[in-house]
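Spelled out, the chains give:
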Amino acid sequence: MSARKNPHAVALGRLGGSVTSEAKAAAARANGALGGRPREDREVKMTPAEREAYRAAVLCVGCDRPLREAHPTIEGHLACEAAQQAAVRAELDAAHRAADERARVARRLARRRR
Ligand SMILES: [Zn+2]
């Protein structure tokens with residue numbers, strides 16, 4: 001990619017990109033009726049050997065153990081991660097409650113000083 005763009009070409013491209021027309025609107029409606037822009041395919045394509053290596057190496061988000069040993073089934077894996085998420089959420093809730101309490105105390109002290 002070149003570092004500098006021709007500003008005239010940039011302006012021309014911008015003009016073209018900002019064109020609206022009944023034909024363009026109709027095309028957009030037709031595309032929308034078909035479900036719109038396809039979702040980005042995020043699935044990683046792996047060979048079976050690569051998948052095995054991945055599962056042997058990757059650690060469970062919930063328990064930090066190798067996924068294949070810790071959770072031979074997807075159900076066990078999901079349960080472990082759900083438990084971990086619940087623990088994190090509880091920790092955050094406690095932190096928020098503590099912050100709320102500190103703010104309450106600070107407001108009370110500020111009122112008293114007036
Ligand atoms: Zn786990």
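What you see is a predicted model; the values in this text were computed from it and never measured.

Some words on the coordination of the zinc ion
So, step 1. The protein atoms that coordinate the zinc ion are Cys 60 (SG), Cys 63 (SG), His 71 (NE2) and Cys 80 (SG), at distances of 2.0 to 2.4 Å.
So, step 2. Around the zinc ion sit four donor atoms; with metal-centred angles ranging over 107 to 114 degrees, the donor geometry is tetrahedral.
So, step 3. Written as a sequence motif, the donor residues of the zinc ion are C-x2-C-x7-H-x8-C. Taken together, the positions of Cys 60 in the loop between α3 (48–57) and α4 (67–70) and Cys 80 in helix α5 (residues 74–113) put the pair 20 residues apart, joining distant regions of the chain. The pair Cys 60 / Cys 80 is uniform in exposure class, with both members buried.

Describing helix α2 (residues 22–33)
So, step 1. Taking 1.5 Å as the rise per residue, α2 with 12 residues should run 16 Å; its terminal C-alpha atoms sit 16 Å apart, in good agreement.
So, step 2. Gly 35 occupies a position one or two residues after α2 and carries a positive phi of about 110 degrees.

Examining the confidence of the model for the protein chain
So, step 1. Scored by pLDDT, the protein chain has a mean of 86; 98% of the residues are at 70 or more.
So, step 2. Confidence, expressed as mean pLDDT per element, reaches its minimum in the protein chain at helix α1 (residues 7–17) with 81 and its maximum at α5 with 93.

Considerations on the pattern of salt bridges
So, step 1. Throughout the structure, instances matching the rule amount to three salt bridges.
So, step 2. The partner of Arg 29 in a salt bridge is Glu 22, with the nearest N and O atoms 3.0 Å apart.
So, step 3. Residue classification places Arg 29 among the exposed residues on the basis of a relative accessible area of 52%.
So, step 4. A residue is classified by how much of its surface remains accessible, and Glu 22, at 55% relative accessible area, is exposed.
So, step 5. For Arg 104, the salt bridge goes to Glu 101, with nearest N and O atoms at 2.7 Å. Taken as a pair, Arg 104 and Glu 101 lie in helix α5 at a separation of three residues, close to a single helical turn.
So, step 6. Its relative accessible area of 40% is what places Arg 104 among the partly exposed residues.

A word on the side chain of Glu 81
So, step 1. Along the polypeptide, Glu 81 turns up in helix α5.
So, step 2. Looking at Glu 81, its side chain comes within polar contact range of the side chain of His 77, at 2.7 Å.

Let's talk about the environment of Arg 51
So, step 1. By the secondary structure assignment, Arg 51 is in helix α3.
So, step 2. Here Arg 51 is in contact with Val 44 and Met 46, once residues within four sequence places are set aside.

Brief notes about unusual backbone geometry
So, step 1. The phi dihedral of Asp 64 falls on the positive side, at around 65 degrees, and the residue is not glycine.
So, step 2. Take Asp 64: it is sitting in the loop between α3 and α4.

Parameters at a glance
Residues numbered from 1 in each chain as written. Predicted model: local features only at pLDDT ≥ 70, side-chain atom pairs only at ≥ 80, totals over all residues. Heavy atoms only, no water. Donors = N, O, S within 2.8 Å, 3.2 Å for Na, K, Ca; no water. Tetrahedral: all angles 85-135°; square planar, octahedral: opposite > 155°, others 65-115°. Helix = DSSP H or I, 4+ residues; strand = E, 2+ residues; numbered from the N terminus. Buried < 20%, exposed > 50% of the residue type's maximum accessible area, 1.4 Å probe, protein only. Expected span 1.5 Å × (residues − 1). pLDDT = per-residue confidence, 0-100. Salt bridge = Lys/Arg side-chain N within 4 Å of Asp/Glu carboxyl O. Polar contact = N/O pair within 3.5 Å; in protein donor to acceptor, adjacent residues only side chain to side chain. Contact = heavy atoms within 4.5 Å.

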